[in-house]
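Understanding the architecture of this molecule
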Amino acid sequence: MAVVISKKTIFVLSFCCSSMPSLRLRKPSEAAGDAVLDRCGSLMKIIHRRRWRLAFTVIYFMRALKSLSKRVSRKKTNLLRSPSYIAIDVDVESNVEPREGGDCPSLRDVDPKILSNLVRERRLESLAQLGGIKQIASILMTNLDNGLSGDELDLMQRTNVFGVNKYNKPPAKNFLSFVFDAFKDMTIIILIVCAVLSLAFGIKQHGLKEGWYDGGSIIIAIFLVVVVSALSNYKQGRQFQKLSKESSNIRVEVVRDSRRQPISIFDIVVGDVVFLKTGDQVPADGLFVDGHSLKVDESSMTGESDHMEVFSDNPFLLSGTKVIDGYGRMMVVSVGMNTAWGEMMSFVSHDLDEETPLQARLNKLTSFIGKVGSLVAVLVLLVLLIRYFTGHTQDEAGHREFTSGKTKSGDVMDAVVRIVAAAVTIVVVAIPEGLPLAVTLTLAYSMKRMMGDNAMVRKLSACETMGSATTICTDKTGTLTLNEMRVTEFWMGKERVSVDASREIAGSILEVLLQGISLNTTGTVHLQPSASVPEILGSPTEKAILFWGVSKLAMRMDELKQEWEIIQVEAFNSEKKRSGVAVRRRGEQVVHIHWKGAAEMILALCSDYYSQSGTVNVMTDEARSEFGTIIKKMADKSLRCIAFAYKKFDGSLAQVHGRLEEDGLTLLGIVGIKDPCRPGVRRAVVSCRSAGVNVKMITGDNVHTARAIALECGIFNPDKDLEHEAIVEGIQFRNYSPEQRMTAIEKIRVMARSSPFDKLLMVQCLKQKGHVVAVTGDGTNDAPALKEADVGLSMGIQGTEVAKESSDIVILDDNFASVVTVLRWGRCVYNNIQKFIQFQLTVNVAALVINLVAAVSSGDVPLTAVQLLWVNLIMDTLGALALATEQPTNDLMLKPPVGRTEPLINRVMWRNLASQALYQVIVLLTLQFKGSSIFGVDKKVKDTIIFNCFVLCQVFNEFNARKLEDKNVFKGVHKNKLFLGIISMTIILQAVMVEFLKRFANTERLDWGQWGACIGLAALSWPIGWLVKCIPVSGKELFFSRREEAS
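Rules used throughout
Residues numbered from 1 in each chain as written. Predicted model: local features only at pLDDT ≥ 70, side-chain atom pairs only at ≥ 80, totals over all residues. Heavy atoms only, no water. Helix = DSSP H or I, 4+ residues; strand = E, 2+ residues; numbered from the N terminus. Expected span 1.5 Å × (residues − 1). Buried < 20%, exposed > 50% of the residue type's maximum accessible area, 1.4 Å probe, protein only. Arc of directions from axis to C-beta. Contact = heavy atoms within 4.5 Å. Polar contact = N/O pair within 3.5 Å; in protein donor to acceptor, adjacent residues only side chain to side chain. Patch = residues over 30% accessible without salt bridge, like charges linked within 9 Å, V, L, I, M, F, W, Y side chains within 5 Å. Areas by Shrake-Rupley, 256 points an atom, 1.4 Å probe, with all protein chains shown as cover. Salt bridge = Lys/Arg side-chain N within 4 Å of Asp/Glu carboxyl O. Lys, Arg positive; Asp, Glu negative; His and termini not counted. Charge placed at Lys NZ, Arg CZ, Asp CG, Glu CD. Phe/Tyr/Trp six-rings, centres within 6.5 Å; stacked < 30°, edge-to-face > 60°. UniProt positions renumbered as here; feature names shortened; annotations may be inferred. Pairing = 2+ DSSP bridges. Axes fitted to C-alpha atoms, helices over the stretch in contact; angles between N-to-C directions. pLDDT = per-residue confidence, 0-100.

All right, on to helix 34 (residues 1008-1019) then. An α-helical turn contains 3.6 residues, so a residue and the one three or four places further along point in the same direction. When the terminal C-alpha atoms of helix 34 are compared, their 16 Å separation across 12 residues agrees well with the 16 Å that a helix rising 1.5 Å per residue should span. Looking at helix 34, one finds that the buried residues are Gln1010, Trp1011, Cys1014 and Ala1018. The arc enclosing the buried residues of helix 34, seen along the axis, measures out at 105°, which places them on a common side. Exposed residues on helix 34 whose side chains face more than 90 degrees from its buried face are Trp1008 and Gly1009. Looking at the buried residues of helix 34, the elements they touch are helix 30 (907-935), helix 31 (939-962), helix 32 (977-995) and helix 35 (1021-1028). The backbone nitrogen of Gly1009 lies 3.2 Å from a side-chain oxygen of the residue at the head of helix 34, namely Asp1007.

As structure tokens, then:
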């Protein structure tokens, strides 16, 4: 019953839900108006039914009213807002249900700041004053066992009151910001100044109608270049933002409507009960509900490296921290911006524009070429100025341009501005600013396509580095195998028992075995009334064992958990390869300790074993050897062997403290779990081998299982590899001397029974040998190896959040074939960049030489500022877009890795580049000096032919750039529609420039013969490219000789 105490009167308002807290502060508005009338109406019905009980309760309550109200006043709790009056709930009837009509208080009364500060400041006293976690759960209308109802309206209300579990990130740069950045470029600023001066002098000399063309054309061309460049950068920025959002959308497990289910971290609301296990990221601020051995790493929040144990006396869990051991459940009390992590992240902008190693190398190359271009531009400027002021230049009418004392100052300034603009434009063309843009385009395109191929890139540099990988160290479970586990064999004692013949097992032994299966697990079993197959959650191994227990052994997990009390847990990790639990039947003292884990390791801890009939036998050396043989035979069939053992003692005589006892165990049985190889894995391994990439399998399974899987996948070849050298155990590798390790590392194909430290040690050794190493990992303990590797590849399905954060690329389907796809894309990125470098440097060399020679010899530059800006647009933006979007081909996997020290511009590229640039220089200089007589045209038409021929040469050379070594440059061109579209658009725009924009581009219209001559001269670059590729120049011999020297 709720009694409201006001200044004047006391009213009995209504019965309240018994699950609501005993203390509530309510808004005054709730007691006003129609709401009061509605409540009174429903109240009268209840009074008629229960008036005697109500009368008794009121009399009893009035006697205690004074003391209760004083106690409430002293508490001064502020969890709920509005201290205008107090409602005290009296539990009248334990089974009273909340009535329709909303008599129960609303979540809107709860102050999120109180809950937020409670966890952030770790206020144990405040938690106690509020009645503990159960009281807060009641206030938040959460059932700690069954979770939230999952009702859409309830979830929506919680989101409205407490906010969403998202962070307010700094706003992304808009399009205008990119435009502004582009205008900051010094060469662009100089060009704008020149254009404005040219515009001013032109209008002054020729009037607005005729005088704006020269300066206006340059301004329009500059604006076009800037806008296209900014638009490209803006689109790639948006793409990176989208991928960043994808990478932060992790899955968490909550209980809703009595079911354990995975949801997005963004869908978590206050009141959710979340399951946590080793490797998880804490998704929001919360309070510990229950669990075992739960430890978290709070270094991301506090900077402290010590791991914090979370239990009932320290129940606070902070968003963004990592679970490094144990498991448990938490109740969410703050989400999004109400958490400390949310506040911190709102000021942190993820660096999506990180400079990759390749971009750094390209920036150095750009700087060098820019310096050369600037030197050429200065020479051209000096030559043109000297020739002008010495009277060696003529105007269009053939008159001398400058005569000392006669030429007007306006004409002189106009000429100087024109000369400066031409020189500055040479710098614009010379500086290959398209190189960084090409890298950005290639990476963005590759990242998008890799997402479709089940690989999410978290670090841009990984795309490039993966193309250089020489060794891949891969896990077995889920990566090489399907991760669809089923129990296919079961041995009890020395006899094989049918997996579904539970009746063959003695009842007492079956009972103990079912305890070990159902209580020593982190998985859950949920059977819905309408479903015939239970829903099982957990790791693949846990799911396989639980499914076997439920479907074949008639295990009732819920009943066993109610009957038995868990005292202590030792969670599984990849170092000890086993998990243990101490349990006790409720009301009894006898403690059972159950262990489960790698069969040979559990076997080493056993001193007895059960036979199928239920008798206990001593584990003699002979019996231990026989069990070892059984395990080996199971492993040879690619089965993962898991053993169960237990021990019991009187809890009144010995209590469980510290670590669970591991000696003197009794072996219950051994199960064999089948996890078949993935289809296509063998083909992927062969593909890696042909690409010069070694594949090494690192697994926690025993040596026999590891050998069988490696043989099936093609990693181990008994005809070529010596078994004692190719297959080692982690402890063996660990105990090698440094010299022995460095000698053995190249021959090792499989490392079994390995710990995360062994994986890290292998990565370090391989890097010392000069290898570029890619490593797959899924566990929390794999984080050091993933960070140490050149490329860390985490698993998207089985990988923990700690592993994913330590990795560079997330393999979304956990498939080794996807790792090989990443390798192909990495090589494609590097190859595309090399194509564009070859294409752009050809244009740079040709343009610089032509303008320099022409300026020195004749005092005139054939390519004007507007024309050079148009060429710059073609090669920088459109060329980058065309060549950067080439898809990977199978030919890439037939070449050796490029290696760490391979030059960016190799000998093949120099051969192609030099031949094409030389041809273009010869053709265009011939046209410059003999074009008028060859075609019988004036200077303006000749310059138009030079401009047209130069642009068309770049169009045809773009085809040559598609293939660095392959003679057939048209192979696969029909698959790249973007490339064909850009080529077509370039040709169309060039025709418009020549034929229709005469004043803008300073051109003259050409006839069909002149067009044919331009196309014919440009098309000759194809046969020249084909002939040049017949010259045997290759970097392969150089690469392998370097590797031999390094080793």
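Read on, since the account is not over.
This paragraph deals with the environment of Ala706. By the secondary structure assignment, Ala706 is in helix 21 (residues 703-713). According to the relative accessible area criterion, Ala706 is buried, its value standing at 0%. Here the alpha-carbon distance between Ala706 and Val750, two residues 44 residues apart in the chain, equals 7.2 Å.

Moving on, we get to a positive patch on the surface. On the surface, a cluster of positive charge is contributed by Lys235, Lys242, Lys448 and Arg449. For the positive patch, the secondary-structure elements that each account for two or more residues are helix 8 (213-248) and helix 13 (434-452).

Before going further, it helps to spend a moment on the packing of aromatic side chains. All chains considered together, the criterion is met by 12 aromatic pairs. Look at Phe956 and Trp1022: their rings are 4.8 Å apart centre to centre, the planes differ by 65°, and that puts the pair in the edge-to-face class. You can see Phe956 sitting in helix 31 and its partner Trp1022 sitting in helix 35, a full 66 residues away along the chain. The exposure class of Phe956 is buried, given its relative accessible area of 13%. For the pair Phe959 and Phe979, a centre-to-centre distance of 5.2 Å together with 90° between the ring planes defines the contact as edge-to-face. With a gap of 20 residues between them, Phe959 in helix 31 and Phe979 in helix 32 connect regions that are remote in the sequence. Each member of the pair, Phe959 as well as Phe979, is classed as buried. Through a chain of ring-to-ring contacts, the aromatic side chains of Phe956, Phe959, Phe970, Phe979 and Trp1022 assemble into a single cluster.

This part is about the UniProt feature "transmembrane region" (unreviewed entry) in the protein chain. The sites that carry the UniProt feature "transmembrane region" (unreviewed entry) are, in the present numbering, residues 186-203, 215-234, 368-389, 419-445, 841-859, 865-885, 978-996 and 1008-1028. Strand forms 0% of residues 215-234 and helix 100%; the C-alpha atoms that close the span are 28 Å apart. Secondary structure across residues 1008-1028 comprises 95% helix and 0% strand; the distance between its end C-alpha atoms is 31 Å.

This brings us to unusual backbone geometry. If you check the backbone angles, Asp257 has positive phi at about 55° while not being a glycine. One can find Asp257 in the loop between strand 5 (251-256) and strand 6 (259-264). Judged by relative accessible area, which is 52%, Asp257 ranks as exposed.

Read across the sheet, eight strands follow the order 12-30-29-28-13-25-27-26 without closing on themselves; strand pairing throughout is mixed. With partners counted over all chains shown, the strands left at the sheet margins are strand 12 (455-457) and strand 26 (727-729), one partner each. Adjacent strand axes in the sheet meet at a mean angle of 20° when their direction is disregarded. Sheet topology places strand 29 (residues 791-795) next to strand 30 (residues 809-811); three bridges connect them, and they run parallel. Directly across from Ser794, in strand 30, lies its bridge partner Val810. Contacts between helix 21 and the sheet are confined to strand 25 (694-698), strand 26 and strand 27 (750-752), with strand 27 contributing the most and set at about 150° to the helix. Seen against the sheet, helix 28 (residues 816-858) touches strand 12, strand 13 (471-474), strand 25, strand 28 (773-777), strand 29 and strand 30 and runs at an angle of roughly 145° to strand 30.

Caution is warranted with low-pLDDT regions, since their predicted coordinates should not be read in detail. Within the protein chain, residue pLDDT values average 79, and 81% of them lie at 70 or more. Here residues 1-50 is modelled with pLDDT under 50, and outside its nearest four sequence neighbours on either side it reaches 117 contacts, counting other chains as well. Confidence drops under a pLDDT of 50 for residues 72-104, and excluding neighbours within four residues, the segment shows 92 contacts in the predicted structure.

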